[in-house]
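Topology and contacts: notes
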Amino acid sequence: MHLVPRRRSPIRRLLRPRRLVVVGLCLIAVFAVYIGYLDFTIRAKFEGKRWALPARVYASPIELYPGKKLSTLQLSEELTALGYRHGTANDPGYYTRGNDSIDINSRPFAFWDGAQPAKRFRVSFSNDRITGLTDLSTDQSLPLARLDPLLVGGIYPAHNEDRALVKLEEVPPALLKTLVAVEDHKYYEHHGIDPRGIARAILANMRAGGSVQGGSTLTQQLVKNFYLTDERTLRRKLVEALMALLLDAHYSKDEILEAYINEIYLGQDGNRAIHGFGLASQHYFDRPLQQLSQSQIALLVGLVKGPSFYDPRRNPQRALARRNLVLAELAQQKIIDSTTLLRAKAMPLEVTARAPAGTSPYPAFLALVVRQLRQDYSEDDLRSEGLSIFTTLDPRTQRSAEQALDTRLTALEKQRRLPAGMLEGAVVVTTTDNGEVLALVGGRHTRYDGFNRALDAERSIGSLIKPVVYLTALMQPEKYTLTTLLDDSPLKWKDHGSQEWTPQNYDKQFHGQVELRNALAQSYNISTARLGLALGVPKVIDQAHRLGIERTLPPYGSTLLGAVGLTPLEVAQMYQTIASGGFRTGLRAIREVVTPAGEPLKRYALAVEQTADPAAVYLLTAGLQHVVAAGTATGLRAYLPAELNVAGKTGTTDDLRDSWFAGFTGDKLGVVWLGRDDNQPTGLTGASGALTVWGQMMQSLDPEPLQPAIPETIERVQIDPQTHLLGDGCSGAIEVPYMRGSAPTARAPCAGRSPVQAVKSWFKRLLER
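We now examine the overall build of the protein. Of the regular secondary structure elements, the protein holds 24 helices and 34 strands. The C-alpha radius of gyration of the protein comes to 36 Å, more than 25% above the 27 Å expected for a compact globule of 769 residues. A principal-axis box enclosing the C-alpha atoms of the protein has dimensions of 140 × 90 × 50 Å. Per-residue burial over the protein gives 52% buried out of 769 residues. Residue pairs in contact within the protein that sit at least 24 positions apart in sequence constitute 67% of those at least 6 positions apart. If you sum the accessible surface of the protein, you get close to 36,100 Å²; carbon and sulfur atoms cover 53% of it.

Here is the structure:
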């Protein structure tokens, strides 16, 4: 009989002693390799660059000095906007207002030129001007005081994590004690995991039939947040425990605690995640971590358990109960006494009504900042190196621009029975002397980070191009002056390769011979087109480029009347060069960039280039002032006094699709566009639409009068408006500026009849030379 050998099952073969040893050794080897991998992972991230820090973008700081035009009400509004509180507390961030003074406890801040400590000082006022600054600790006068700037946003990493890093020695001891007591009171005794704590948690959860208690140590929580995910599996918990042991073995308790304090997730601000106690302190209380009270610390520590569930702004009752539970735990562990407990529990939550700006309240301006930064920095650097960006934004001007646009659009829609929300708009405001962008509004929904019309809406600019034509002419004083007569009769023109062009005036009339300055003031199309054609379209286009227009303009006659698409920012650049007397300065939104260590990285210095004859620009400015005084922009009288001598130009495009106004005072330039996103007619001219926004905005800003310096090559001459000749002594004679040698030499019949007047006029002109 043949016996068939019995086959051993694979399991039994595997359980042979020798093979057991081999398998065991293999498992140990695999485990060792895995531990090595975990160890490498832990050290690589913990010792490397732990977090991507967003760039923080600040507005221009408010500077206070004797003589500054500012009322007590305006400074109070600025302090409120900065988050200062009205009250008598001696802590930084408070102020008190008297009849003619305001006492301020300023907050410390690291500016680009060094750190500025907190300071108590008094600002005295008279007739809506600052008359003095006094240091209240020394009773000495101050020449200047500077307030910490408004944070207007950040440039965040792709995952939108935001945090303000703090060192362990900067963290209040009360917070450390509270955190350890509530989250892991054996923290300084265990080695990364707490087996007893885990056992207690398991038992409690089994009794409750669900997860009611966590057994994770602070080290395990850090591992989960820093290295792992929120996945709830046994495998992830085992990995978490292994990594916690390794982390505890490599690093000190203080190093781990510091990392935890900066890593832990503590809330949400829109799409921005609030990480770490440093930023959470600002987010919830608008104050530094070092200034928190015991009750505020208890609330922050209580949020660790569930930042969303216990959100003090959305769920204040839950947050209050959680905070008081933390305080009770502190008392039970004898970290605070009963008196402190009762006092802290009696306190309200003290959370600010709204979070300080993180997701920017000014997304349109922030977009301009980012575009300018990208010329010098990589996207990764902007989102991870923790740079501080100091910008030119003036919050007061920004608020005025936003409010004027919103209220005027609503009023215009109501007046014209247009559907609400049909009209859109954009505003750009700059300084006239150095091209700093003070405000930028990209649409009527100012908090919406959507289509930015100030930067991206390319709309026909209509008559806003005309000053370029007239400047080109005035740079030829031997041919053109402000009183040169232009032909405003019917015109037919044909460019090569295009259809015949027959421009019309807005009033469909022809005005015969008109003075150049009146043709500009009344925005006559035909006389402007004839002038531009006589000068040569390429020459006018070249002048537009010299004023700051960088894009290619079509070499057609219609370009002379603004049949070109430009953005409001491009228009602002063009008018900026005019407002600054012919000196082109690139529009700037950034002043300084500083590293997290406070070291200046780049200064955006002023770059100026003369691109037009200042004397010709002076004459053009006089012409633009004539537009406001007697032309299409006389509607500004409803908003601003004539003594401001505002210079400006209205712009209206075909079928009333676009309404523009660009103008400047002694210190501010503003460009406003109104229209529809679908480019359909609005029924608005530049005067009936954009001008009203501009006027209301400037009215609230109390601008300086426009008094341009008179170039040496300019003389002012009395002209008879009837004959356009020298009119000394003539009734109704007007004073007109000319480049020397270009004024009329012939005398009007009404001039020179009085020898005395003739001599006086001769001496006057002699003295002006």
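So much for the structure itself; the text now carries on.
A word on the sheet that holds strand β18 (residues 437-441). Across the sheet, which stays open at both edges, the five strands sit in the order β18-β17-β31-β30-β29 with antiparallel pairing between neighbours. The open sheet is flanked by β18 and β29 (647-652), the only strands paired with a single partner. Between one strand and the next, the sheet's axes are offset by a mean angle of 5 degrees, whatever the strand orientation. Relative to strand β30 (residues 658-664), β29 runs antiparallel, the two being bridged by six bridges. Looking at β30, one finds that Gly651 is bridged to Trp660. Relative to β18, helix α15 (residues 395-415) is tilted by about 30 degrees, and along the sheet it contacts β17 (424-431), β18 and β31 (668-675). Across the face of the sheet, helix α22 (residues 614-630) comes into contact with β29 and β30 while running at roughly 65 degrees to β29.

Here we take up the nonpolar core. With 146 residues, the main nonpolar core has Leu64, Ile104, Leu373 and Leu440 as its most contacted residues. The element that contributes the greatest number of residues to this core is α22, accounting for ten residues. Each residue touching Leu373, except ones within four places of it in the same chain, is listed here: Ile155, Leu382, Ile389, Ile590, Val593 and Tyr604. Of all hydrophobic cores here, the second largest spans 51 residues; its members include Leu38, Val223, Leu247 and Val304.

The next point concerns the state of the cysteines. With the rule as written, the count across this model stands at one disulfide. With its sulfur 1.8 Å from that of its partner, Cys730 forms a disulfide with Cys750. The disulfide joining Cys730 to Cys750 has a torsion of about 100 degrees about its S-S bond and is therefore right-handed. Highlighted residues: Cys730 in the loop between β33 (725-726) and β34 (734-739) and Cys750 in the loop between β34 and α24 (755-768), separated in sequence by 20 residues. When its relative accessible area of 7% is taken as the criterion, Cys730 is described as buried. Residue class for Cys750 comes out partly exposed when judged on its relative accessible area of 23%.

On to the side chain of Ser463, then. When you line up the elements, Ser463 lands in the loop between β19 (459-460) and α17 (466-474). Those residues in contact with Ser463, other than ones at most four positions away along the chain, are Ser523, Asn525, Leu561, Lys649, Thr650, Gly651 and Thr652.

Turning to helix α8 (residues 253-263), a few remarks are in order. Most of α8 sits inside the fold, with eight of its eleven residues counted as buried. Within α8 the residues assigned to the buried category are Lys253, Ile256, Leu257, Ala259, Tyr260, Ile261, Asn262 and Glu263.

Evaluation of the coordinates by the stated rule reveals 13 aromatic pairs. Residues Tyr58 and Phe109 carry aromatic rings whose centres are separated by 5.2 Å and whose planes lie at 80 degrees to one another, so their mutual orientation is edge-to-face. Linking Tyr58 in strand β1 (residues 55-58) with Phe109 in strand β6 (residues 109-111), this pair joins segments that are 51 residues apart in sequence. Take Phe109: its relative accessible area is 15%, and that puts it in the buried class. Three or more aromatic residues joined by ring pairs form one cluster here, namely Tyr58, Phe109, Phe111, Trp112 and Phe390. Sitting above the plane of the Phe226 ring, Lys45 keeps its charged end 4.6 Å from the centroid. The ring of Tyr227 carries Lys45 above its face, with NZ or CZ at 5.9 Å from the centroid.

Next up on the list: unusual backbone geometry. The backbone phi angle of Arg417 is positive, close to 55 degrees, even though this residue is not glycine. Among the structural elements, Arg417 can be located in the loop between α15 and β17. On the basis of relative accessible area, Arg417 is assigned to the exposed category, the value being 79%. The backbone of Asp655 sits at a positive phi, close to 60 degrees, despite the residue not being glycine. Counting through the fold element by element, Asp655 comes out in the loop between β29 and β30.

The rules behind these values
- Residues numbered from 1 in each chain as written.
- Predicted model: local features only at pLDDT ≥ 70, side-chain atom pairs only at ≥ 80, totals over all residues.
- Heavy atoms only, no water.
- Helix = DSSP H or I, 4+ residues; strand = E, 2+ residues; numbered from the N terminus.
- Rg over C-alpha atoms; globule rule 2.2 N^0.38 Å.
- Buried < 20%, exposed > 50% of the residue type's maximum accessible area, 1.4 Å probe, protein only.
- Contact = heavy atoms within 4.5 Å.
- Areas by Shrake-Rupley, 256 points an atom, 1.4 Å probe, with all protein chains shown as cover.
- Pairing = 2+ DSSP bridges.
- Axes fitted to C-alpha atoms, helices over the stretch in contact; angles between N-to-C directions.
- Core = buried A, V, L, I, M, F, W, Y, C linked by side-chain atoms within 4.5 Å.
- Disulfide = S-S within 2.5 Å.
- Phe/Tyr/Trp six-rings, centres within 6.5 Å; stacked < 30°, edge-to-face > 60°.
- Lys NZ or Arg CZ within 6 Å of the ring centre and 35° of its normal.

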